[in-house]
Amino acid sequence: MRLVRELRDNSVEFLTSFGSAVIFFLRLLAYTPRALLRPRLVLRQVYVVGAESLVLIMMAGLFVGMVLGLQFYTTMAKFGAEQSLGAVVVLALVRELGPVVTALLFAGRAGTALASEIGLMKATEQLSGMEMMAVDPVRYVIVPRFLGAFIAMPLLTAIFNAIAILGSWWVAVQLMGLDNGQFWSPMPDNVDVFDDVLGGVLKSVFFGAAAGLLAVFEGFRAYPTAEGVSRATTRTVVMTAMAVLVLDYMLTAILI
Amino acid sequence: MRQEETLIEIRGLKYRRGDKVIFDGVDLDIPAGKVTALMGPSGTGKTTLLRLITGQLAPDEGTIRVAGQEVARLDRSELYALRRRMGFLFQNGALLTDFTVFENVAFPLREHTDLPEALIRDIVLMKLQAVGLRGTVDMMPSELSGGMARRVALARAIVMDPEMIFYDEPFVGLDPISMGQIVRLIKQLNETLGLTSIVVSHDVQEISTVADQLYLLSNGKIVGSGAPKALREDNSPWVRQFMQGLADGPVPFHYPAPSLEEAFLDREDKE
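Conventions used here
- Positions within a chain are numbered from 1, following the residues in the order the chain's sequence is written.
- For naming, the first written chain is A and the first written ligand is 1, with later ones following in the order written.
- Owing to the predicted nature of the model, reporting of local features is limited to residues with pLDDT of at least 70; listing and counting of side-chain atom pairs is limited to 80 or more, with chain, interface and lining totals taken over all residues.
- Computation of side-chain values covers all heavy atoms of the structure but excludes hydrogens and water.
- In this description a helix means any DSSP run of H or I spanning at least four residues, a strand means any run of E spanning at least two, and both kinds are numbered starting from the N terminus.
- Each residue gets one of three labels from its accessible area relative to the maximum for its type: buried under 20%, exposed over 50%, partly exposed in between, using a 1.4 Å probe on protein chains only.
- Pairs of residues are marked as contacts when any of their non-hydrogen atoms sit within 4.5 Å.
- Every accessible area reported is derived by Shrake-Rupley at a probe size of 1.4 Å, with residue values counting cover from the shown protein chains alone.
- To pair, rings of Phe, Tyr and Trp, with the six-membered ring standing in for Trp, must have centres within 6.5 Å; the planes then decide the type, stacked if under 30 degrees apart, edge-to-face if over 60, and tilted in the middle.
- Computed with a 1.4 Å rolling probe, the buried area is the accessible surface lost when two parts are put together, summed over both parts.
- Any carboxyl oxygen of Asp or Glu that lies within 4 Å of a side-chain nitrogen of Lys or Arg is treated as forming a salt bridge with it.
- Counting of polar contacts relies on pairs of N or O atoms within 3.5 Å, with two restrictions inside protein: one atom must be capable of donating a hydrogen and the other of accepting it, and residues adjacent in sequence are counted only when both atoms are side-chain atoms.
- Gly counts as polar in this scheme, as do all residues outside two lists: the nonpolar Ala, Val, Leu, Ile, Met, Phe, Trp, Tyr, Cys and Pro, and the charged Asp, Glu, Lys and Arg.
- The set of buried Ala, Val, Leu, Ile, Met, Phe, Trp, Tyr and Cys residues whose side-chain atoms join them within 4.5 Å is what this entry labels a nonpolar core.
- Two strands are counted as paired when DSSP detects at least two bridges linking them.
- In this analysis an axis means a line fitted to C-alpha atoms, helices contributing only their contacting stretch, and an angle means the value between N-to-C directions, from 0 to 180 degrees.

**Here's the deal with the overall build of chain B**
Here's step 1: A count of helical and extended segments in chain B gives 11 helices and 10 strands.
Here's step 2: Looking at chain B residue by residue over its 271 residues, the buried ones come to 46%.
Here's step 3: At a minimum sequence separation of 6, the contacts of chain B that also span at least 24 residues come to 62%.
Here's step 4: Accessible area of chain B: about 13,600 Å², with a carbon and sulfur share of 50%.

Structure representation (structure tokens):
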């Protein structure tokens with residue numbers, strides 16, 4: 001009986017928070033046109049969110065690319081297929097790894113920062129203070145941060161992909177001795193701009209919306225105490241990671 | 001006595017939070033141009049009352065009229081228009097921590113007006129001068145002491161030249177000097193700017209020196225009101241307990257609890 005009751009309570013709670021997230025999202029969308037009229041606030045957030053994650057994304061891209069180069073080179077050399085390495089690496093990155101890994105890292109770095117920043121602004125009454133100064137905090141604080149994350153994600157994904165490709169090139173060509181031309185030449189024939197590249201961009205756009213929404217949502221509804229803010233931060237990472245992986249499967253299924 | 005203009009009028013206010021009744025039929029009038037203090041022990045909902053008056057919360061029953069408008073019936077833009085006529089001093093100041101003192105005080109001007117930068121600068125410096133902190137203009141909020149942060153917040157609260165200003169526990173946690181400064185500012189601003197001031201506090205001594213009129217709240221009701229002097233001579237036991245700071249009285253020393261026998265002697269039965 002207890003199990004049933006807990007299951008029921010948990011699913012009610014899940015549905016309630018899912019519903020409020022959707023309402024919150026619609027509210028954000030409704031405010032977006034007006035927020036875009038003040039591009040300085042949004043651009044500042046793109047800069048803050050992007051710059052915060054940039055070094056991490058670049059480092060991660062470099063090593064992911066290097067690992068891919070090494071793994072694929074040794075495996076494909078067994079079948080004498082190493083001349084396809086370049087195309088395989090690019091396809092794996094552009095279609096799948098780039099958007100997903102960037103989104104996961106983004107959630108850990110920028111998403112938590114956003115959630116805790118907003119949660120702390122709430123706990124220190126800065127949001128109520130704005131309300132009392134007749135400035136809507138959703139318009140001034142929340143929407144620019146959401147849009148900042150939304151715009152920064154595809155840009156970060158592009159940087160991640162570029163650096164990862166260079167990383168795998170360095171391992172395959174410079175370390176393992178693959179021919180430079182063999183690495184680059186299969187790419188134009190095997191990588192399609194619409195299917196592969198745009199598909200990846202589309203994913204990163206969806207991930208950007210999800211990561212941005214969850215971070216500002218969790219921060220905005222955080223219980224205004226130290227514990228509440230830390231919970232919101234944790235939930236941001238967990239929820240974003242789940243959302244990204246589920247969305248990834250759904251988008252892949254649609255795009256293929 | 002001359003009939004005064006009432007700026008804020010509350011009738012039959014009832015407000016519940018969960019099962020707890022916070023206000024149970026409160027009527028009160030706040031005259032324009034005066035300093036009115038709302039007093040009561042901690043936990044009586046003084047701050048809640050401010051939030052109700054400023055439309056951050058909605059009452060369950062009853063009406064709150066500010067400058068003739070019923071706050072709970074205003075839509076968002078009407079409420080924001082009304083709030084532009086209000087200043088609100090939060091207990092901790094609620095300064096924006098990413099902005100300098102200058103940008104904090106300039107914030108409402110930048111959001112609500114299109115004034116040229118030079119004029120914004122003059123206004124901000126004048127308001128900071130009024131609270132004695134022009135020298136802090138380039139500091140960050142984290143560099144200010146608690147008393148200074150509150151004065152900067154006060155400068156920000158008056159930067160739009162409001163008609164009324166709300167102080168939420170302005171004396172809490174201040175040293176005697178800062179406290180004296182805030183008391184002086186409340187009085188001065190009220191006189192020089194022609195404001196209506198509403199102060200929530202439980203510091204009987206300080207508030208008695210600035211307030212024209214006091215309301216005492218307890219258990220969701222008004223239990224006493226009048227000029228400070230009249231209240232100090234009031235004979236009702238509750239008012240006497242509060243004004244003189246007696247530990248026991250109508251507000252008991254002990255929070256309601258199970259009887260001593262139950263708490264200490266019946267332990268075995270319960271386990």
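After that view, the rundown keeps rolling.
**Some details on the packing of aromatic side chains**
How two aromatic rings sit relative to each other is set out by the distance from centre to centre and by the angle between their planes.
Here's step 1: This structure, assessed with the given rule, holds 10 aromatic pairs over all chains.
Here's step 2: Ring centres of F183(A) and W184(A) lie 5.0 Å apart, and the angle between their planes is 90 degrees; this geometry places the pair in the edge-to-face category.
Here's step 3: The exposure class of F183(A) is buried, given its relative accessible area of 0%.
Here's step 4: With a relative accessible area of 34%, W184(A) lands in the partly exposed category.
Here's step 5: Ring centres of F88(B) and F90(B) lie 4.7 Å apart, and the angle between their planes is 45 degrees; on these two criteria the pair is classed as tilted. Judged on exposure class, the residue F88(B) and its partner F90(B) are both buried.
Here's step 6: An aromatic cluster is defined as three or more aromatic residues linked by ring pairs; in this entry it consists of F24(A), F217(A) and F220(A).

**Some thoughts on the interface of chain A and chain B**
Here's step 1: At the junction of the two partners, chain A supplies 19 residues and chain B supplies 23 residues.
Here's step 2: Between chain A and chain B the total buried area reaches about 1,800 Å² when both faces are included, carbon and sulfur atoms providing 54% of it.
Here's step 3: Summed over the shared surface of chain A and chain B, the result is 6 salt bridges.
Here's step 4: Its salt-bridge partner being R76(B), residue D136(A) comes within 3.4 Å of it at the nearest N-O pair.
Here's step 5: Where chain A meets chain B, there are 6 residue pairs in polar contact (both at pLDDT 80 or more).
Here's step 6: Listing elements by their share of the side of chain A that touches chain B, those giving two or more residues are α1 (2–36), α4 (126–132) and α5 (137–175) of chain A.
Here's step 7: It is α4(A) that contributes the most residues to the side of chain A that touches chain B, 6 residues altogether.
Here's step 8: Looking at side-chain class alone, the side of chain A that touches chain B contains 8 nonpolar, 4 polar and 7 charged residues.

**Points about the nonpolar core**
Here's step 1: Counting residues in each nonpolar core, the largest one holds 61 residues, and the members touching the most others are L28(A), L85(A), F106(A), M130(A), V141(A), I142(A) and F207(A).
Here's step 2: Elements with a contribution of two residues or more to this core: α1, α2 (39–78), α3 (85–123), α4, α5, α8 (193–220) and α9 (226–255) of chain A.
Here's step 3: Looking at this core element by element, the count peaks at 16 residues for α5(A).
Here's step 4: What F207(A) contacts, discounting residues up to four positions off in sequence, is P99(A), V100(A), A103(A), M153(A), V244(A), L247(A), D248(A) and L251(A).
Here's step 5: Membership of the second largest hydrophobic core comes to 49 residues, among which are A106(B), L189(B), L214(B) and W238(B).

**Here we look at the sheet that holds strand β7 (residues 164–168) of chain B**
Residues and elements named next belong to chain B.
Here's step 1: With mixed pairing, 6 strands are arranged side by side in an open sheet as β6-β7-β8-β3-β9-β10. With partners counted over all chains shown, the strands left at the sheet margins are β6 (86–89) and β10 (221–226), one partner each. Each strand of the sheet is rotated relative to its neighbour by a mean of 15 degrees, with strand direction disregarded.
Here's step 2: Pairing geometry for strand β9 (residues 213–218) and β10, over 5 bridges, is antiparallel. Each residue of the ladder has a partner; that of L216, found in β10, is G224.
Here's step 3: Lying on the sheet, helix α5 (residues 146–157) is in contact with β6 and β7; it crosses β6 at an angle near 170 degrees.
Here's step 4: Against the sheet, helix α9 (residues 237–244) makes contact with β3 (35–39), β9 and β10, and its axis sits at roughly 110 degrees relative to β9, the strand it touches most.

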